[in-house]
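# Observations on the model geometry
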Amino acid sequence: MQMKNKPQRLTEKQERFCRHYLDTDGNASEAYRMSYDTSKMQPSTVHYSAWELMNNPKVTQRIDELRADRRKATEEQRKEIEARLIDIITADPSELYYTDPATGQARIRQPWQLSKKMRHAVKAIRGKGENVSYELHGKIDAARLLGSWNGWDAPQQLDVRQCNAVMGELRIGFDDDDD
């Protein structure tokens, strides 16, 4: 009966090297200095030792695993941020109010009465009790950020036409002194 070789684990210092390698944008020598005691080593020795570690298949495999984990975590964070930006863009300020059934008057909702989507759109809450007011995040800023992340390039100038007559003009990214 043959025994399968268990994959050898990295040492604690090798694991630290792998993490520091990614944290230093691929600077193996710096990652080596951060992971090992190099106080009595020449820079050329540090460089060679880092090079040796980078030629260790276990180390490069671990770096690839960590890189994949970070990529996945970044994608998940980006999706969450994009969802919040969409909440800001699509938030309806009328949701901040309700009609009091007893008096028929409009009343402002308390923070705990807001939907999750509306809470994402709220930038600041002022006051307390019945005298609460809300400041919302800017929809245009959120839309610009979302658009730039996704490579949606808006034209610098767009004419809005109906039946070949200019109805209005939408100007994006122009200063007031361009008139």
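Figured I'd write up the structure that's included with this text. (Residues numbered from 1 in each chain as written. Predicted model: local features only at pLDDT ≥ 70, side-chain atom pairs only at ≥ 80, totals over all residues. Heavy atoms only, no water.)

A few words now on the pattern of salt bridges. Counted by the stated rule, this structure contains 12 salt bridges. The salt bridge involving Glu12 is made with Arg16; its shortest N-O contact spans 3.8 Å. With Glu12 and Arg16 both in helix H1 (residues 12-23) and 4 residues apart, this pair spans about one turn of that helix. Using a relative accessible area of 61% as the deciding quantity, one classes Glu12 as exposed. Glu135 is the salt-bridge partner of Arg126, the closest N and O atoms lying 2.9 Å from each other. If you follow the salt bridges from partner to partner, you end up with Glu15, Arg19, Arg62 and Glu65 in one network. (Salt bridge = Lys/Arg side-chain N within 4 Å of Asp/Glu carboxyl O. Helix = DSSP H or I, 4+ residues; strand = E, 2+ residues; numbered from the N terminus. Buried < 20%, exposed > 50% of the residue type's maximum accessible area, 1.4 Å probe, protein only.)

Taking 1.5 Å as the rise per residue, H1 with 12 residues should run 16 Å; its terminal C-alpha atoms sit 17 Å apart, in good agreement. Within H1, the full set of buried residues consists of Gln14, Glu15, Phe17, Cys18, His20, Tyr21 and Leu22. Buried residues along H1 sit against helix H2 (28-35), helix H3 (43-54) and helix H4 (57-90). Positive backbone phi, approximately 55°, marks Asp25, located one or two places after H1. (Expected span 1.5 Å × (residues − 1). Contact = heavy atoms within 4.5 Å.)

Among the secondary structure elements, Phe17 is positioned in helix H1. Judged by its relative accessible area of 0%, Phe17 is buried. Between the alpha carbons of Phe17 and Leu53 there is a distance of 8.6 Å; along the sequence they are 36 residues apart. Filtering out sequence-adjacent residues up to four positions away, Phe17 remains in contact with Ala28, Ala31, Tyr32, Ser35, Tyr36, Ala50, Leu53, Met54 and Val59.

Here we take up the packing of H1 against H3. Interhelical geometry of H1 versus H3 gives an angle of 95° and a closest axis separation of 12 Å. The orientation of H1 with respect to H3, classified from their angle, is roughly perpendicular. Here Gln14, Phe17 and Tyr21 of H1 come into contact with H3, specifically with Ala50, Leu53 and Met54. For the contact of H1 with H3, a count of residues per class yields 5 nonpolar, 1 polar and no charged. (Axes fitted to C-alpha atoms, helices over the stretch in contact; angles between N-to-C directions. Parallel < 35°, antiparallel > 145°, perpendicular 65-115°, else oblique. Nonpolar A, V, L, I, M, F, W, Y, C, P; charged D, E, K, R; others polar.)

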